[in-house]
Amino acid sequence: MSFHYLTKSRYLQGLQCPKLLWLSVNEPEAAGEPDEETEHRFAVGTKIGALARERFSQGVLISEDHFHLTKACQSTNAAIKAGAPAIFEATVLHKGLACRADILQRVKGKKNLWSIIEVKMSSKVKPVHHDDLAFQRYCFECAGFKILTTSLMHVNTGYVRDGGLDPKELLTQEDITKAVLKKSAGIAKTVKKLSTVLTGSKCPDITAGKQCLDPYECPFFDQCNEPPKEYSIYELPRGQRIIPMLAERGIELLKDIPSDIKLSSRYEKMVLSVKRRKPIIDKPGIKEYLDTLVFPLYYFDFETINSAIPPFDNWKPYQTTPFQFSLHIQAKQGGACEHYAFLQKDATDSREPLIKRMIALLGKKGSIIAWNMSFETSKIKVLAERFPEYEKRLLALLPRFWDLMIPFSRGDYTHYNFHGSSSIKKVLPVLVPKLSYEDMEIQEGGTASLKYERWLFGEMETKEWRKTYRDLLQYCNLDTLAMVEIMKVLKKNI
Ligand code: SF4
């Protein structure tokens, strides 16, 4: 049996669930390979780590990877002896524990007094970071270091990139020593307990529960959790209050909810639709809403990115920003739609060309139809904030927005096969079975953002981009075409 150190990530896994710790060491293949998103997050994390190091002059990087921990430990000791003011990836090993600190900084003027700084791509300190640093502090103290402070360096969402990336402004450092010390109480016992789990030959017997998603979705989720049955109470949207109450009464399926339980009108329609195996349609409600449409109709959809690192100047970290749109225009009642799209081919800042094209195509009157319009309108506000010269024309678009999701989200059109969702991905295959996202290379917005971000940040070869470019156009096109077809179904039903 091979030896496994209790590392920081294993410690955090063990805190979430000892079974997760045991499985990730003994059955790692069951967790699957890291997907494209995980790889990209890893690449962004690496870039943020490199930017953080730029803030420390004369720091020494311990270059040995986690397969060479003994050597990394020796290099760390050598850097300390040589008087390095900061050591990146400083490594200690102590009685089965292995720990690497992103930054170990020598307290000015002190020979053996240090600060540990953990670098994260998150936008704020989270409770899990306290545990993360408590483990690091414990390991370094066990190895003979005196630790003065423990801090988290994270992304500063108030930063606006200007004249290139400035690591001093992009990242902000928060001293969280107090909270870390609180977490440190009793840590020796926890470490001992988790070390026993790690070296044990039997998988801990733990029932699935809240911990499967908190603080992270467990990679073994499907192994421990049965998928909920179709048409179960878990399909009730925003059901945080009612679902536990129903579950406590032993009710699992929507059709079994007894009449003495008072349900909201939307929930009642869902139950009725499941029982009758038919859609429940409020024709007057839908008609009244459709009557507020003003021609020409503009079916509009953005794709966006939400990058931790602003790719260009005049851009904030994590500011969700459009890079693509699709537009179907129907000039008059009963007329055919014309399709337009925007997606820049090269990896340069596309926001201004996108704004110009959008303003030109959307004209001055007519309803702009979106699915969950608050998403599109909030992104237009982001563009207006970043490009004040277009602010007036951009903000003038907002009152023209019209939300096609509303008849579904408020239950005017309820179908048991929407499974309680008003997402276009759930509504489309039921109402327009001939159109589907299923055969598409890109099937949802998250993948579209991920691919575009990879292209912008140089993580994608041109050959892959050429294909991705076509896939992105196809995907976004389907989002607006789907709205055109769903509208036809609504009109037919009133
Ligand atoms: S799915 Fe839940 S119970 Fe299973 S290992 Fe993960 S956290 Fe533990």
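Residues numbered from 1 in each chain as written. Predicted model: local features only at pLDDT ≥ 70, side-chain atom pairs only at ≥ 80, totals over all residues.

Caption draft 1: Structural detail: the site of the ligand. In the neighbourhood of the ligand, the contacting residues comprise Cys17, Lys19, Leu20, Leu23, Ile206, Ala208, Gln211, Cys212, Cys218, Phe220, Phe221 and Cys224. Taken together, the elements giving at least two residues each to the shell around the ligand come down to α2 (18–26) and α9 (221–224). Among the elements that line the shell around the ligand, the one with the most residues is α2, at three residues. A per-class count over the shell around the ligand returns ten nonpolar, one polar and one charged. (Near = placed C-beta within 6 Å. Helix = DSSP H or I, 4+ residues; strand = E, 2+ residues; numbered from the N terminus. Nonpolar A, V, L, I, M, F, W, Y, C, P; charged D, E, K, R; others polar.)

Caption draft 2: Structural view of the nonpolar core. Of all hydrophobic cores here, the largest spans 53 residues; its most connected members are Ile87, Cys99, Ile103, Leu104 and Ile116. Filtering out sequence-adjacent residues up to four positions away, Ile103 remains in contact with Ala52, Phe56, Ala86, Phe88, Ile117 and Val119. Counting 45 residues, the second largest nonpolar core, distinct from the first, contains Phe302, Ile329, Ile380 and Trp455. (Core = buried A, V, L, I, M, F, W, Y, C linked by C-beta atoms within 7 Å. Buried ≥ 20, exposed ≤ 12 C-beta atoms within 10 Å, placed from the backbone. Contact = placed C-beta atoms within 7 Å.)

Caption draft 3: Quick peek at unusual backbone geometry. Looking along the chain, the bond that leaves Asp214 and enters Pro215 is cis, with omega of 5°. Assignment of secondary structure puts Pro215 in the loop between α8 (187–199) and α9. Note the cis peptide between Phe295 and Pro296, where omega equals -5°. With respect to the helices, strands and loops of the structure, Pro296 is situated in the loop between α12 (283–290) and β8 (297–305). Its identity as a non-glycine residue notwithstanding, Lys95 has a phi of 40°, on the positive side. Along the chain, Lys95 falls in the loop between β2 (86–94) and β3 (97–106). One non-glycine residue, His419, adopts positive backbone phi at about 55°. We classify His419 as partly exposed; it has 19 C-beta atoms within 10 Å.

Caption draft 4: Representation of the sheet that holds strand β10 (residues 337–343). Overall, mixed pairing links the five strands, which are arranged β10-β9-β8-β11-β12 in an open sheet. Only two strands of the sheet have a single partner each, and these edge strands are β10 and β12 (401–403). Each strand axis lies, on average, 30° off the axis of its neighbour in the sheet, ignoring direction. Helix α13 (residues 351–362) rests against β8, β9 (321–330), β10 and β11 (368–370) of the sheet, and its axis sits at about 20° to β9. Docked against the sheet, helix α19 (residues 462–492) engages β8, β9, β10 and β11, running at close to 45° with respect to β9. (Pairing = 2+ DSSP bridges. Axes fitted to C-alpha atoms, helices over the stretch in contact; angles between N-to-C directions.)

Caption draft 5: Inspection of the packing of α2 against α8 at higher detail. Packing of α2 against α8 leaves a shortest axis separation of 9 Å and a crossing angle of 40°. Overall, the two elements α2 and α8 adopt an arrangement that is oblique. α8 is crossed by α2, and the crossing has right-handed handedness. Contacts from Pro18, Leu21, Trp22 and Val25 in α2 reach Leu194, Val197 and Leu198 in α8. For the contact of α2 with α8, a count of residues per class yields seven nonpolar, no polar and no charged. (Parallel < 35°, antiparallel > 145°, perpendicular 65-115°, else oblique. Left-handed = near helix turned anticlockwise from the far one by under 90°.)

Caption draft 6: Spatial organisation of helix α11 (residues 265–276). Along its twelve residues, α11 runs 16 Å from first to last C-alpha, staying within 8% of the 16 Å computed at 1.5 Å per residue. Listed in full, the buried residues belonging to α11 are Tyr267, Lys269, Met270, Val271, Ser273 and Val274. (Expected span 1.5 Å × (residues − 1).)

Caption draft 7: Main features of the packing of helix α18 (residues 445–456) against α19. Where α18 meets α19, the closest approach of the two axes is 11 Å, and the angle between their N-to-C directions is 145°. With respect to the hand of their crossing, α18 and α19 are arranged in left-handed fashion. Residues Ala448, Lys451, Tyr452 and Trp455 of α18 touch α19, and the partners they reach there are Trp465, Thr468, Leu472 and Tyr475. For the contact of α18 with α19, the residue count by class is six nonpolar, one polar and one charged.

Nothing here speaks to function; it is geometry throughout.
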